[in-house]
Amino acid sequence: MEVVLTADKTLMSNHHGKEFLGFGTSAPPNWLPEWLFRYLFFPRIKSNNGFPWQAPYGLRKIEAKLIDAGIDAGVVYPDDIANHNAKVIGIYVMDPFGWGPSSTTFAGIMKTGMPYNAKYFELLFKSNAYKKLKKQGAKTIIGGPGVWQFKYNMEFASRYKIDCIYDGEAEKDVPWLFKNALDGKELPQYIEKMPKEAPSLDEIPEIKKASVNGLIEIGRGCPRGCKFCTVTLRPLRWYPYEKIEKELLVNKKYGLDATILHGEDVMLYGSSNVIPDEEKVLKLNEIAKKYMKNVTWSHASFAAVATKPKIIEKVAEVIIDENQKWWGAEMGIETGSPELVKKAMPAKAKPFKPKEYPEIVKQAAGVMTDAGMIPACTLIVGLPQETDDDVIKTIELMDDLKDFKSLIVPLFFVPMGKLKNKDWFREEQMNELQKELLIKCLQHDIKWAKNIANEYFQERKKDILIKPLYHLFIKIIEWQGKKKKVLE
Ligand code: SF4
């Protein structure tokens, strides 16, 4: 093969078919030995001759684009890339240096060293397989949502002889870029694409092989305009049903019976504004359920759920059955303060007003709990505009959400989007109120994690065997919390 595409070992995993466990890759070394932690959170994906059964969706997109351009390319497990006489190595990154929100938060609180995602990323470059291909003259191209971190670490790029870093949606440029690399031409060191240069739907190919946990895109972009977010800068595009159906069929052909519908707000599928289109969201879920036993969502917003709560009830009727008892999504609460919503995320509450935001979150939480939807929520700690009063409002909201069956994860602010020139929020900057908020989240999560783990690990036979290990992990965190007197 002329081009091998790969990623580090934390990304080349399907996390036992449980996407949420992928969060564990952003933890630093902890109370579990590394081999056990790795087994629990990022076990090696099943591979055949080095070709992984499932691979990160972004890599599958680039693979499809290269194959369509007539280039001999494929996704290969990192240990096996040197089995090919490749002239180009394409590497996909999510959080290469552990500077994303969850890594900085975990690392800041635990202070036990480099997060696993960063450790395994560097190990890829130190591997014999990578060194062998480089010795033969292979060029390296990096892409993926985490490339922005290279702007702060170009030294890493020169140390490991990375030829090109691509920042943006790459579909339009992949053919010429890789052809130039194959021809041995000099590549631009850093390519940064403007949101207006994003590919149209026709320029985005369908994947040709299975993606991790059957994740498939349903669209790109988000209309809400939060200042700390890069996604919102991109144009909003929704895939037509046929395109989604084709990717579902690809995953099915490779033996997957579950899918994650990926969009920044699945509730807004097919809508050009912030009002969900009931018919389209239902049809989307019906199509997915036609092919897959288990359907879940990547992201949704509280405002959209509160705008059309009936959709959640009807989606539950479509997807909850003997194969599936619940579904999840990652959802950003971010704050309980209307003032902070107004300043940093002005469209977060739309079509409601920022002052209604805490009420919207509570209403939507009730709707989801009743329907069997269990989200993993985030809060942002240390936004540049945050005041003590904002933190107090978020603590009050946490009190109101104590019966909300969910996980609520606090994340330190990371400079991205329109706030990219600000500084990272660090653990040593935390004041007493912010610490109190973190403790509230820990109490909420320990209470619900035990309950949710029972549902999370009950769908497949293998789950019954590994479930006690996760319960043990939760117990260890609880024991540590008690030792530090933050849990009763
Ligand atoms: S709602 Fe989420 S995806 Fe949309 S702009 Fe805000 S943070 Fe970004």
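Remember, it's a predicted structure, so these values are computed and weren't measured experimentally. In every chain, residue numbers begin from 1 and rise along the written sequence. With pLDDT at 70 or above as the cut-off, local features in this predicted model cover only qualifying residues; side-chain atom pairs require 80 or more to be listed or tallied, and sums for whole chains, interfaces and linings still use all residues. As a rule here, side-chain values come from all non-hydrogen atoms in the structure, and water together with hydrogens is ignored.

> Outline the nonpolar core, supporting the account with residue identities and numerical values.
The set of buried Ala, Val, Leu, Ile, Met, Phe, Trp, Tyr and Cys residues whose side-chain atoms join them within 4.5 Å is what this entry labels a nonpolar core. The buried label goes to any residue with under 20% of its type's maximum accessible area, the exposed label to any with over 50%, and the partly exposed label to all in between, with areas taken from a 1.4 Å probe on protein chains only. Counting residues in hydrophobic clusters, the biggest one holds 78 residues, and the most contacted among them are Trp297, Phe302 and Ile333. Strands here are runs of E lasting at least two residues and helices are runs of H or I lasting at least four, both read from the DSSP assignment and numbered beginning at the N terminus. With eight residues, helix H13 (residues 357–371) is the single largest residue contributor to this core. For this analysis, residues touch if any pair of their heavy atoms sits within 4.5 Å. What Trp297 contacts, discounting residues up to four positions off in sequence, is Ile260, Leu261, Val266, Met267, Asn285, Ile312, Val315, Trp327, Gly328, Ala329 and Met373. Counting residues in hydrophobic clusters, the runner-up holds 27 residues, among them Val3, Leu11, Ile62 and Ala181.

> Kindly report on the site of the ligand, identifying the contributing residues and their values.
Whether a residue is near a molecule or strand depends on its heavy atoms: if one lies within 4 Å, it is near. What surrounds the ligand is the set Cys222, Arg224, Gly225, Cys226, Phe228, Cys229, Thr232, Glu264 and Lys348. Note that Gly is not counted as nonpolar here; it falls among the polar residues with everything else outside the nonpolar set of Ala, Val, Leu, Ile, Met, Phe, Trp, Tyr, Cys and Pro and the charged set of Asp, Glu, Lys and Arg. Looking at the shell around the ligand residue by residue, the class counts come to four nonpolar, two polar and three charged.

> Quick one: what's the story with the domain arrangement of the protein chain, residue by residue and with numbers?
Segmentation of the protein chain into domains returns domain 1 (3–197) and domain 2 (210–483). Residue ranges for the domains trace back to a domain assignment, done automatically or taken from a database. Spacing between the C-alpha centres of domain 1 and domain 2 amounts to 25 Å. Facing 38 residues of domain 1, the contacting portion of domain 2 comprises 43 residues. Roughly 3700 Å² of surface becomes buried between domain 1 and domain 2 when both sides are summed, with 65% attributable to carbon and sulfur atoms. Throughout, buried area stands for the accessible area (probe radius 1.4 Å) lost by two parts on being put together, summed over both. Three residues stand out in domain 1 for area buried against domain 2, namely Lys18, Trp31 and Tyr57, and they jointly supply 19% of the buried area on that side. By definition, a salt bridge exists where a carboxyl oxygen of Asp or Glu is found within 4 Å of a side-chain nitrogen of Lys or Arg. At the junction of domain 1 and domain 2, the tally comes to six salt bridges. Across the pair Glu247 and Lys61 runs a salt bridge, and its minimum N-O distance is 2.7 Å. For this analysis, a polar contact is any N or O atom pair within 3.5 Å, provided that within protein one partner can donate a hydrogen and the other can accept it, and provided that sequence-adjacent residues contribute only side-chain to side-chain pairs. Here domain 1 is connected to domain 2 by 17 residue pairs in polar contact (both at pLDDT 80 or more). At the level of secondary structure, the elements contributing two or more residues to the side of domain 1 that touches domain 2 comprise helix H1 (34–41), helix H2 (57–68) and helix H3 (101–110). The element that contributes the greatest number of residues to the side of domain 1 that touches domain 2 is H3, accounting for six residues.

> How would you summarise the side chain of Gln324 if you had to cite specific residues and measurements?
Here Gln324 lies in the loop between helix H11 (309–319) and strand E14 (330–334). We classify Gln324 as buried; its relative accessible area is 0%. Reaching out from Gln324, the side chain makes a polar contact with the side chain of Lys289 at a distance of 3.0 Å. Within the local environment of Gln324, its side chain forms a polar contact with the backbone oxygen of Trp326, the two atoms lying 3.1 Å apart.

> Tell me about the packing of helix H14 (residues 388–400) against helix H15 (residues 432–456), residues and numbers included.
Relative to each other, H14 and H15 sit at 15 degrees, their axes nearing to 9 Å. Taken together, the axes of H14 and H15 lie roughly parallel to each other. Of the two possible hands of crossing, H14 and H15 adopt the one that is left-handed. Of the residues in H15, those touching H14 at Asp388, Val391, Ile392, Thr394, Ile395, Met398 and Asp399 are Leu433, Gln434, Glu436, Leu437, Lys440, Cys441 and His444. When grouped by side-chain class, the residues that make up the contact of H14 with H15 number seven nonpolar, three polar and four charged. To get an axis, fit a line to the C-alpha atoms, keeping to the stretch in contact for a helix; angles then go from 0 to 180 degrees between the N-to-C directions. Should an angle lie under 35 degrees it is considered roughly parallel, over 145 roughly antiparallel, and from 65 to 115 roughly perpendicular; all remaining angles are considered oblique. Left-handed describes a crossing whose near helix is turned anticlockwise from the far helix through less than a right angle; right-handed describes the clockwise counterpart.

> Would you mind going over the packing of aromatic side chains in detail, with residue names and values included?
Two aromatic rings from Phe, Tyr or Trp, using only the six-membered ring of Trp, form a pair when their centres are within 6.5 Å; if the ring planes differ by under 30 degrees the pair is stacked, by over 60 it is edge-to-face, and anything between is tilted. Counted according to the given criterion, the structure contains 31 aromatic pairs. Ring centres of Phe121 and Phe156 lie 5.5 Å apart, and the angle between their planes is 20 degrees; this geometry places the pair in the stacked category. Placement of the pair is Phe121 in helix H4 (residues 116–126) and Phe156 in helix H6 (residues 154–159), with a sequence separation of 35 residues. Since its relative accessible area comes to 1%, Phe121 is described here as buried. Judged by relative accessible area, Phe156 falls into the buried class, the value being 2%. With a centroid separation of 6.3 Å and an interplanar angle of 85 degrees, the aromatic rings of Trp148 and Tyr152 are classed as edge-to-face. Each residue in the set Phe97, Trp99, Phe121, Phe125, Tyr130, Trp148, Phe150, Tyr152, Phe156, Tyr160 and Trp424 is aromatic and connected to the rest through ring pairs, giving one cluster. For Lys46, the ring lying beneath its charged end belongs to Trp53, and the centroid distance is 4.5 Å. Put simply, a charge is over a ring when the Lys NZ or the Arg CZ is close to the ring centre, within 6 Å, and near the line of the ring normal, within 35 degrees.

> Which residues make up the pattern of salt bridges, and what values do they have?
Here the structure, examined in full by the defined rule, presents 38 salt bridges. Of the charged contacts, one joins Lys193 and Glu197 as a salt bridge, the two residues approaching to 3.5 Å between their closest N and O atoms. Note on Lys193: relative accessible area 24%, which makes it partly exposed. Look at Glu197 and you get partly exposed, because its relative accessible area is 31%. For Glu359, the salt bridge goes to Lys362, with nearest N and O atoms at 3.3 Å.

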